[in-house]
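# Structure at a glance
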Amino acid sequence: MTGIKSAAPVLFDLFNRLPQQEWFAPPYDDMIEIDICKKSGYLATPDCEVEKQWIPAVGERYDSCPYHKVVQLDATQSYQVNADCEPVSQMVTRSYFTLPPVMAWYYRRSHPDYEPLPPYRADCETPLEKEMTFIRPNAGTTITLTKNIEGKTNETVFELAHKIPNTTVYWYLDEDYITSTKDFHEIALSAAPGKHIITAVDDNGNDVKMSLKFK
Ligand SMILES: [Zn+2]
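Residues numbered from 1 in each chain as written. Predicted model: local features only at pLDDT ≥ 70, side-chain atom pairs only at ≥ 80, totals over all residues. Heavy atoms only, no water.

### A word on the nonpolar core
Note on soluble globular proteins: their nonpolar side chains tend to be buried together. Ranked by size, the top nonpolar core spans 17 residues in total, and within it Phe134, Phe158, Leu160, Trp171, Leu189, Ile198 and Phe214 carry the most contacts. Looking at this core, the elements that each hand over two or more residues are β5 (132-136), β7 (156-162), β8 (168-173), β10 (185-189), β11 (194-202) and β12 (207-214). Element by element, the count of residues in this core is highest for β12, at four residues. Phe214 has contacts with Ile143, Leu145, Thr156, Phe158, Leu189, Ser190, Ala191, Ala192, Pro193, Gly194 and His196, leaving out every residue within four places of it along the chain. Ranked by size, the runner-up nonpolar core spans nine residues in total, among them Cys48, Phe97, Leu99 and Tyr114. (Core = buried A, V, L, I, M, F, W, Y, C linked by side-chain atoms within 4.5 Å. Buried < 20%, exposed > 50% of the residue type's maximum accessible area, 1.4 Å probe, protein only. Helix = DSSP H or I, 4+ residues; strand = E, 2+ residues; numbered from the N terminus. Contact = heavy atoms within 4.5 Å.)

### Points about the state of the cysteines
Applying the stated criterion across every chain, the model contains one disulfide. The side chain of Cys85 participates in a disulfide bridge whose partner is Cys124; the two sulfur atoms lie 1.9 Å from each other. Measuring handedness by torsion sign, the sulfur bridge of Cys85 and Cys124 sits at about 95° and is right-handed. Of this pair, Cys85 sits in the loop between β3 (68-73) and β4 (92-97) while Cys124 sits in the loop between α2 (101-110) and β5; the two residues are 39 residues apart in sequence, bridging distant segments of the chain. A single burial state applies to Cys85 and to Cys124, both of which are buried. (Disulfide = S-S within 2.5 Å.)

Given below as structure tokens:
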């Protein structure tokens with residue numbers, strides 16, 4: 001935010017003052033034309049949506065796209081399935097652009113068309129995969145309890161990202177239920193000095209825990 005409001009205007013002011021010139025000729029001898037993943041900008045894999053781009057020849061050393069993933073879906077394409085719960089002949093194979101939860105949470109803000117991976121059908125075993133991740137604070141952090149000018153203890157904001165929109169998340173401080181959140185998973189709380197565990201559980205029973213210390 002600060003960058004957009006302060007640094008960026010200065011940058012554009014400066015650039016606008018530079019003399020008008022012809023654009024330089026691309027040094028094609030040192031470049032290669034290569035398939036790039038349209039979504040991630042990494043080198044394309046066979047699962048990516050591909051775009052040709054000229055890049056510096058050394059760019060060939062870059063990594064290939066880690067975010068396109070091929071998944072098996074049921075015939076309605078609303079659930080993920082696997083060979084243990086669905087005849088292979090009825091499966092639909094599709095490539096998804098799928099980001100880790102925290103990245104997806106930010107990405108979705110500017111890409112409303114981002115399509116999360118469909119959930120696993122109830123009769124199919126879910127491979128261990130993180131549905132939820134804490135965004136802040138970092139696990140293991142020591143939080144210093146400070147007081148505001150009214151003498152009240154300042155609360156700490158906890159935030160997490162969930163892969164699936166519209167999911168309800170239930171928050172616990174140690175064994176005590178605190179509140180629930182939907183879409184925007186953010187709560188503010190404070191606790192007595194000492195070690196505590198914050199637990200978040202979603203509709204489907206997935207949970208994440210974080211231990212931290214208040215002092
Ligand atoms: Zn890709």
